[in-house]
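Observations on the model geometry
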Amino acid sequence: SVICRGGQVVGFNPSKIAIAITKAYIAVHGQNSISATSVREQIANLTNFVINALQSRRPEGGSIFIEDIQDQVELVLMRNGEHE
């Protein structure tokens, strides 16, 4: 589960990570950037990296703060050369 900023707890939804990464790509590279298969594959790979990083930090399960998810998304984007 995920602890949101207001303190409410919601279920973990990996598709929200993919949506956030997609929005970041669109914001930097434009709407047409996600039409390329290679970019969609890259978004899927980055999403999996984030999910794996989160799971390795909490192998026993439990809740994670939304800020921790955002930090992992930012890290994976920067490590992939997407500093913008």
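Please refer to the structure placed before this passage.
Residues numbered from 1 in each chain as written. Predicted model: local features only at pLDDT ≥ 70, side-chain atom pairs only at ≥ 80, totals over all residues. Heavy atoms only, no water.

**Section: the packing of helix α1 (residues 14-29) against helix α3 (residues 66-79)**
Each packed pair of helices is defined by two parameters, the angle between the axes and the distance between the axes. Selection rule: The axes used here are C-alpha line fits, helices contributing only the stretch in contact, and every angle between their N-to-C directions lies in the interval 0 to 180 degrees. What counts as a helix is a DSSP run of H or I of at least four residues, what counts as a strand is a run of E of at least two, and both are numbered from the N terminus. Note that the term roughly parallel is reserved for angles under 35 degrees, roughly antiparallel for angles over 145, roughly perpendicular for angles of 65 to 115, and oblique for everything else. The hand of a helix crossing depends on one turn: near helix anticlockwise from the far one by less than a right angle means left-handed, and clockwise means right-handed. Residues count as neighbours in contact if any of their non-hydrogen atoms are within 4.5 Å of one another. In the scheme used here, Gly and all other residues not listed as nonpolar or charged are polar, with Ala, Val, Leu, Ile, Met, Phe, Trp, Tyr, Cys and Pro taken as nonpolar and Asp, Glu, Lys and Arg as charged.
α3 packs onto α1 with a crossing angle of 45° between their chain directions and a minimal axis gap of 11 Å. Of the possible angle classes, the one that applies to α1 and α3 is oblique. Crossing handedness for the pair α1 and α3: right-handed. Of the residues in α3, those in contact with I17, I21, A24 and Y25 of α1 are I69, V73 and L77. Broken down by class, the residue content of the contact of α1 with α3 amounts to 7 nonpolar, no polar and no charged.

**What about helix α2 (residues 37-57)?**
Quick reminder of the rule: By this rule the span expected of a helix is its residue count minus one, scaled by 1.5 Å. Categorising residues by exposure relies on relative accessible area from a 1.4 Å probe, with only protein chains included: less than 20% of the type maximum marks a residue as buried, more than 50% marks it as exposed, and the intermediate range marks it as partly exposed. To be clear, the arc concerns the directions from the helix axis to the C-beta atoms.
Look at α2: 30 Å from first C-alpha to last across 21 residues, which is about the 30 Å you get at 1.5 Å a residue. Along α2, the positions that sit buried rather than exposed are V39, I43, L46, T47, V50, I51, A53 and L54. Buried residues along α2 cover an arc of 160° about the axis, so they all sit on one side. Opposite its buried face, α2 presents the exposed residues S38, F49 and S56, each directed more than 90 degrees away. Residues of α2 that are buried sit in contact with α1, β3 (64-65) and α3.

**Here we look at the side chain of S33**
Our working rule: Definition of a polar contact: a pair of N or O atoms within 3.5 Å, with one able to donate and the other able to accept a hydrogen when the atoms are protein atoms, and with sequence-neighbouring residues admitted only if both atoms are side-chain atoms.
Counting through the fold element by element, S33 comes out in the loop between α1 and α2. Within polar-contact distance, the side chain of S33 engages the backbone oxygen of G30 at 2.7 Å. Once you skip the residues sitting within four places of it in the chain, S33 turns out to touch Y25, I26 and V39.

**Side note on the nonpolar core**
We apply this condition: The nonpolar core is taken to be a set of buried Ala, Val, Leu, Ile, Met, Phe, Trp, Tyr and Cys residues, with the residues joined through side-chain atoms within 4.5 Å.
Counting residues in hydrophobic clusters, the biggest one holds 16 residues, and the most contacted among them are I17, I21, Y25, I69 and V73. At the level of secondary structure, the elements contributing two or more residues to this core comprise α1, α2 and α3. Counting residues per element, this core draws most heavily on α2, at 6 residues. In this structure, V73 is in contact with I17, I21 and V50, ignoring residues within four places of it in sequence.

**Notes on the side chain of T47**
Along the polypeptide, T47 turns up in helix α2. The contacts of T47, once residues within four sequence positions are left out, are P14, I17, A18 and I21.

**What to know about the sheet that holds strand β1 (residues 2-3)**
Sheets are built from strands that pair by backbone hydrogen bonding, the pairs being arranged parallel or antiparallel. Selection rule: Any two strands between which DSSP finds at least two bridges are classified as paired.
Here 3 strands make up an open sheet; going across it, the order is β2-β1-β3 and the pairing mixed. Unpaired on one side and paired on the other, β2 (9-10) and β3 mark the two borders of the sheet. Relative to β3, β1 runs parallel, the two sharing 2 bridges. Counted as the bridge partner of V2 is I64 from β3.

Worth remembering: the numbers are spatial, not functional.
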